[in-house]
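Listed below are the residues making up each chain.
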Amino acid sequence: MMKMESPAMELLAGTGEVVVGALELSVIVPTFNERDNVFELVQRLEARLNGNGWEIIFVDDDSPDGTAARVREIARGNPRVRCLQRIGRRGLSSACVEGMMASSAPYLAVMDGDCQHDEGVLPRMLEILRRGEADVVVGSRYTDGGGIGSWNTSRAKMSRFATRLSRAVIRQHLSDPMSGFFALRRDALEPAVRNLSNIGFKILLDLIASSPQRLRLKETPYHFRNRHAGESKLDSQAMWGYVMLLADKLIGHIVPVRFVAFGLVGTVGVFVHFAVLSTLFRVMSIPFRFSQAAATMAAMACNFALNNALTYRDMRLTGWQWIKGLMSFGLACSLGALANVGIASYLFRRDTAWVLAALAGIVVGAVWNYAVTGFYTWSKEGRGPRS
Ligand SMILES: Nc1nc2c(ncn2[C@@H]2O[C@H](COP(=O)(O)OP(=O)(O)OP(=O)(O)O)[C@@H](O)[C@H]2O)c(=O)[nH]1
Ligand SMILES: [Mg+2]
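Predicted, not measured: the structure shown is a model, and the values here were computed from it.

Remarks on the side chain of Ser175
Now for step 1: Tracing the chain through its elements places Ser175 in the loop between α6 (153-166) and β6 (182-185).
Now for step 2: Only 2.7 Å separates the side chain of Ser175 from the side chain of Ser140, close enough to count as a polar contact.
Now for step 3: At 2.9 Å, the side chain of Ser175 forms a polar contact with the side chain of Glu219.
Now for step 4: Those residues in contact with Ser175, other than ones at most four positions away along the chain, are Ser140, Tyr142, Thr143, Thr163 and Glu219.

Topic: the coordination of the magnesium ion (ligand 2)
Now for step 1: The protein atoms that coordinate the magnesium ion (ligand 2) are Asp114 (OD) and Gln116 (OE1), at distances of 1.9 to 2.0 Å.
Now for step 2: Note on Gln116: relative accessible area 10%, which makes it buried.

Quick notes on the pattern of salt bridges
Now for step 1: Evaluated as defined, the whole model comprises 22 salt bridges.
Now for step 2: Arg130 is the salt-bridge partner of Glu24, the closest N and O atoms lying 2.7 Å from each other. With Glu24 in the loop between α1 (7-13) and β1 (25-31) and Arg130 in helix α5 (residues 122-130), this pair connects stretches of sequence that are 106 residues apart.
Now for step 3: You can call Glu24 buried: its relative accessible area is 18%.
Now for step 4: The class for Arg130 is partly exposed, based on a relative accessible area of 33%.
Now for step 5: Between Arg70 and Glu73 there is a salt bridge, with its nearest N and O atoms 2.9 Å apart.

Quick look at the packing of helix α11 (residues 288-311) against helix α12 (residues 319-349)
Each pair of packed helices gets described by two things: the angle between the helix axes and the distance between those axes.
Now for step 1: Here α11 crosses α12 at 120 degrees, and the two axes come no closer than 10 Å. Taken as axis vectors, α11 and α12 run oblique relative to one another. Seen along the crossing, α11 lies across α12 with a hand that is right-handed. Counting all contacts with α11, which are made through Met300, Ala301, Asn303, Phe304, Ala305, Asn307 and Asn308, the residues of α12 involved are Trp322, Gly325, Leu326, Phe329, Gly330, Cys333 and Ser334.
Now for step 2: A breakdown of the residues in the contact of α11 with α12 according to their chemical character gives eight nonpolar, six polar and no charged.

Description of helix α8 (residues 203-210)
Now for step 1: With seven of its eight residues buried, α8 lies for the most part within the structure.
Now for step 2: Among all positions of α8, only Ile203, Leu204, Leu205, Asp206, Leu207, Ile208 and Ser210 are buried.

Some thoughts on the packing of aromatic side chains
Now for step 1: Evaluated as defined, the whole model comprises eleven aromatic pairs.
Now for step 2: For the ring pair Tyr222 and Phe224, a centre distance of 6.5 Å and an interplane angle of 65 degrees mean the geometry is edge-to-face.
Now for step 3: Assessed through its relative accessible area of 2%, Tyr222 is described here as buried.
Now for step 4: Judged by relative accessible area, which is 6%, Phe224 ranks as buried.
Now for step 5: With centroids separated by 5.3 Å and ring planes inclined at 85 degrees, the aromatic side chains of Phe281 and Phe288 adopt a geometry described as edge-to-face.

What about the environment of Ser140?
Now for step 1: Residue placement: Ser140 occurs in strand β5 (residues 136-140).
Now for step 2: Under the relative-accessibility criterion, Ser140 is labelled buried at 0%.
Now for step 3: When the C-alpha positions of Ser140 and Lys324 are compared, they lie 44 Å apart, and in sequence the two are 184 residues distant.
Now for step 4: If near-sequence neighbours (up to four positions away) are discounted, Ser140 is found in contact with Gly146, Ser175, Asp176, Glu219, Thr220, Pro221 and Tyr222.
Now for step 5: Separated by 3.2 Å, the side chain of Ser140 and the backbone nitrogen of Thr143 make a polar contact.

Description of the state of the cysteines
Now for step 1: All chains considered together, the criterion is met by zero disulfides.
Now for step 2: Here Cys83 stays unpaired: no disulfide links it, and the sulfur of Cys96, its closest cysteine neighbor, is 14 Å away.
Now for step 3: Considering cysteine sulfurs only, Cys302 is the nearest to Cys333, which forms no disulfide, with 12 Å between them.
Now for step 4: For Cys333, a relative accessible area of 10% gives the class buried.

Description of the sheet that holds β6
Now for step 1: Ordered in space as β3-β2-β1-β4-β6-β5-β7, the seven strands form an open sheet in which the pairing is mixed. Of all the strands in the sheet, just β3 (81-85) and β7 (217-221) have a single pairing partner and so form its edges. In this sheet, neighbouring strand axes are inclined to one another by 20 degrees on average, regardless of whether the strands run parallel or antiparallel.
Now for step 2: Judged from the four bridges that link them, strand β4 (residues 107-110) and β6 form a sheet pairing that is antiparallel. Bridge pairing in β6 links Val110 to Phe182.
Now for step 3: Contacts from helix α4 (residues 92-101) reach β1, β2 (54-60), β3, β4 and β6, with the element oriented near 150 degrees to β1.
Now for step 4: Each of β1, β4, β5, β6 and β7 touches α5; the most contacted strand, β5, lies at about 155 degrees to it.

The rules behind these values
- Residues numbered from 1 in each chain as written.
- Chains lettered and ligands numbered in written order.
- Predicted model: local features only at pLDDT ≥ 70, side-chain atom pairs only at ≥ 80, totals over all residues.
- Heavy atoms only, no water.
- Helix = DSSP H or I, 4+ residues; strand = E, 2+ residues; numbered from the N terminus.
- Polar contact = N/O pair within 3.5 Å; in protein donor to acceptor, adjacent residues only side chain to side chain.
- Contact = heavy atoms within 4.5 Å.
- Donors = N, O, S within 2.8 Å, 3.2 Å for Na, K, Ca; no water.
- Buried < 20%, exposed > 50% of the residue type's maximum accessible area, 1.4 Å probe, protein only.
- Salt bridge = Lys/Arg side-chain N within 4 Å of Asp/Glu carboxyl O.
- Axes fitted to C-alpha atoms, helices over the stretch in contact; angles between N-to-C directions.
- Parallel < 35°, antiparallel > 145°, perpendicular 65-115°, else oblique.
- Left-handed = near helix turned anticlockwise from the far one by under 90°.
- Nonpolar A, V, L, I, M, F, W, Y, C, P; charged D, E, K, R; others polar.
- Phe/Tyr/Trp six-rings, centres within 6.5 Å; stacked < 30°, edge-to-face > 60°.
- Disulfide = S-S within 2.5 Å.
- Pairing = 2+ DSSP bridges.

Structure representation (structure tokens):
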């Protein structure tokens, strides 16, 4: 009798099917508006990985340019290619995690969909994993033999600064912990997966910081190339996502990081309130109650817009959903204000110092606003399509 090489082969043996090669590697590629890059990437991978038992899983966040349809078109002629299309969601890290969880391969690799990562390095990464020399192999731009291509100096400086910040959450040395190009053993992912923050762009950092055991890391150099086609999604908000990730790793076990962001946005709202109030009341001499009402509306709208762009960036509302969100946010916060005043007045009547009574009212109002808007304004049902 033929010797079975893996449980997968044993399972198939009874069906009479011919097993060409067991699945060994899944390459996970997060995409957003990469329609003109996906075919090129598949071809480049075919050239480098041919012969191995591998597949490529594109995780697309319902890109408006039709990336998912393009991937499925390719997949119909190439069974190595799969498409995971997420609706009403955004986020590079969470896309990578869901792609990895959709794979059954013992080895996983993550790379960008715009051909910036050098696919020629993948066989070396796979070999290191096969030999059991590391749990994670990181493609590094900052180790000897690596490079960052034609980045301008400000982007290069920003990347180095972010790398330094990362030391706050990972205690192991890595020259390029911000890398989006890496390969790992599935059994290194599984213990970490429930601790992941799933925030922002930096999945490798999240993974290393979330692993209950110390992962064995190895780096392999590569040159970061220019995009093949399309536009960058790296915007100023990516930096905010990074700060949120670091904060979640540092204090997320004490207080939810979204609540901290919500509180910070609320503080900005107080400044907006006073700016509008003083302009209308002091400068334009509009009666106090109208000025106060206008300032409250302005602060509420500003808080909603900031929370939508930052605190709930991964499920931000657009178009008609944005208007509906603003209304439900306004309603929830009005009730929050009533709770705030009610609690503060009650405590004040019971001889609590006025500052403490006011603070207690603010905390109760903020928790109410956070809980209710998280449930109604940015609920699953409220998530609309994004641009
Ligand atoms: N699924 C998914 N993929 C995303 C999202 N944002 C970015 N991506 C993909 O993640 C990869 C990296 O994003 P890029 O915009 O290329 O970021 P970058 O490589 O740091 O920046 P550039 O050098 O300017 O290209 C690309 O394949 C994007 O299509 C997202 O929200 N969801
Ligand atoms: Mg890119």
